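Listed below are the residues making up each chain.
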Amino acid sequence: MHVHLLDSYRPRISPVHRLDPRVKLVLTLAFILTAALTPVAAWPGYVLLLSIILSVEILSRLGVGYVLKRAALALPFALAALPVVFTTDGTTLLSLPLGPWSLTATMEGLARFFSVALKSWLSVQAAIVLASSTPFPDLLQAMRAVRIPRLLVAMFGLMWRYLFVLVDEALRLMRARAARSGDLGRPGLRRGGSVAWRGRVTGGMAGNLFLRAFERSDRIYMAMVSRGYDGEPRSLPLAAMTSGGRLTLGGGLALMVMLLLLGFLFRG
Amino acid sequence: MLLSPVRMHIPDGFLSTAVALLFWAASVVVVGYALKRAGRDLGERQVPIMGVLAAAIFAGQMLNFSVTGGTSGHLLGAAIATILLGPWPAVIVMTSVVSIQALIFQDGGLLALGANLFNMAVIGVAVSYFVYRSLRKVTGGKPWGVFIGGFVAAWSSIFMASMSCAIQLALSGTSPANVAIPAMGGIHALIGLGEGLITFGALAFLYATRRDLLTSGEAAAKGGAAVWVGGLAIAVLLAVASPLASAHPDGLEWVAEQRGFLEAARGPLYHVIPDYFFPGISSTALATIVAGILGVALVFSVTLGVAYLRRREEARQPGPNE
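Rules used throughout
Residues numbered from 1 in each chain as written. Chains lettered and ligands numbered in written order. Predicted model: local features only at pLDDT ≥ 70, side-chain atom pairs only at ≥ 80, totals over all residues. pLDDT = per-residue confidence, 0-100. Contact = placed C-beta atoms within 7 Å. Helix = DSSP H or I, 4+ residues; strand = E, 2+ residues; numbered from the N terminus. Nonpolar A, V, L, I, M, F, W, Y, C, P; charged D, E, K, R; others polar. Buried ≥ 20, exposed ≤ 12 C-beta atoms within 10 Å, placed from the backbone. Core = buried A, V, L, I, M, F, W, Y, C linked by C-beta atoms within 7 Å.

Draft legend 1. Expanded view of the confidence of the model for chain B. Residues and elements named next belong to chain B. The predicted model of chain B averages 79 in pLDDT, with 77% of residues at 70 or higher. Confidence drops under a pLDDT of 50 for residues 1-6, and excluding neighbours within four residues, the segment shows 14 contacts in the predicted structure. This model gives residues 267-279 a pLDDT under 50, and the stretch forms 14 contacts once residues within four places in sequence are excluded. Both scores are available for the predicted complex, with the pTM at 0.86 and the ipTM at 0.89.

Here you go:
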């Protein structure tokens, strides 16, 4: 099994894919910040944000279904916000007797919960569109443009390059374990060893993986030195921004400010 | 999802903007300093060694073992990175792992990335370092001190990071402290055992095969007194604050309120904008209507733009594209 499938990038020919990665990164962050700043229960504001992100999804040809399916994976965390429904003061909606206690759900609490879940859902869609429409090297360029330290960007790049190699190594280790100890997921089969033993075996695999990574990093270092590496990560200068890119950036930011102001008007 | 085993990555939307930005600032300061120190500790080998180890930790998070009833133990990796590389490089490695998870796999949000970095790359590493170094000292350099130290360091890093995560959620008003702290703490006390076992196994393997790697990590860790103190401070602070905050659910809020932080954390930045901002429109009803019309116009123009762009695209290259 190869894990190229893991790469979030989905090549398409679309204006969103063509857009300057710097513009995309900044606009994605602006969108997420706008969603975060939109007040609780400003429902029309959320609808506007949703319509914008859906438009971008359609325009990007990634497929709305694909984005929504991936976005759903991030939803379970909403459970963490569920208690808010019962702890916020406000108009009582319903009361659940629960032994000696009773849980009181309030309108305000419900509004708060749905606002959090919606914000999270909107933000994750924006992040998915960014990751799926931008090849990783372009994203690295964009990170350099927004002044993320060069060394960190170089590390991200190197990590990305070897991620798939090491994930393959991890999968090989797991396959080897499965070949020797049976499939743990299959019912009716006895599991070998105690939980602690299984944990230690997995730890041995992890240690093996780290050892391989260390040895690989030695070879990589030598290969880099033999090509003239002197400890200073270097990269090509960034391309100049096109006028179209600048226009999109300005327009997008203006739209976000506009939405934010509308969100404040719609509050409560 | 294949690569999202540890549910400690806060998505966007769950932190209030003030809390998110506060932890962004804190993480930027620590990671910035770590970048300087890691260069001194590892020299020019730093980029390959940290980059590949970050990839290994990312891949190592896929390794799991079944515990019971469909649950499984996983690795987060802060402790093992700290033990192998020393604290400052470990901060960078964990920063890379957590950032790539957020950027590419949407495991954790982008605005919430600062808080996630703080929990996993800063607290995870500082606490691991503090616990591991202390236990190594106490056991007087005996080999089993490495394994016990690794196990406890791994467990504490997970547990403390989850405490901090719960406190961030509580500060944001997303999850009440008296629910979030025991729930997160309880779950991660168990997850931490898995982390501890895997770290233990990994150290046992490395001790048997490449003992020099463990000692080289220790050499690199010299001069980490500041990290040790930092880890101690974080551990004490979280150990005192968490039970207090969960026993007195309003305690955390009380402290935050005293500091004037709660207002900023939860209902922030609204005061900047007056109740009506269209000059001359003072009735809220009217303002809402104007806002509604503006909103509809906005959506309409965006949709029109999309339709136009798509038509132009289709004219340019007919048929489905691959």
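Draft legend 2. Representation of the interface of chain A and chain B in the model. Contacts between the two partners involve 87 residues from chain A and, on the opposite side, 85 residues from chain B. Of all the secondary-structure elements, those providing two or more residues to the side of chain A that touches chain B are helix 2 (21-37), helix 3 (43-60), helix 5 (84-87), helix 6 (107-133), helix 8 (150-181), helix 9 (195-226) and helix 10 (243-266) of chain A. If you tally residues by element for the side of chain A that touches chain B, the top one is helix 9 of chain A, at 23 residues. Of the residues that constitute the side of chain A that touches chain B, the class distribution is 64 nonpolar, 15 polar and 8 charged.

Draft legend 3. Main features of the environment of B:S156. All names here are of chain B. Tracing the sequence through the fold places S156 in helix 6 (residues 143-171). Accessibility expressed as a C-beta count within 10 Å gives 25 for S156, which makes it buried. Residues S156 and G124, spaced 32 residues apart in sequence, show a C-alpha to C-alpha distance of 8.0 Å. The residues contacting S156, other than those within four sequence positions of it, are V127, V131 and A235.

Draft legend 4. The nonpolar core, seen in detail. Counting 175 residues, the largest nonpolar core has B:L53, B:A55, B:V91, B:V93 and B:M94 as the members making the most contacts within it. With residues up to four places along the chain from it excluded, the contact list for B:M94 reads B:A78, B:A81, B:M120, B:A121, B:G124 and B:V125.

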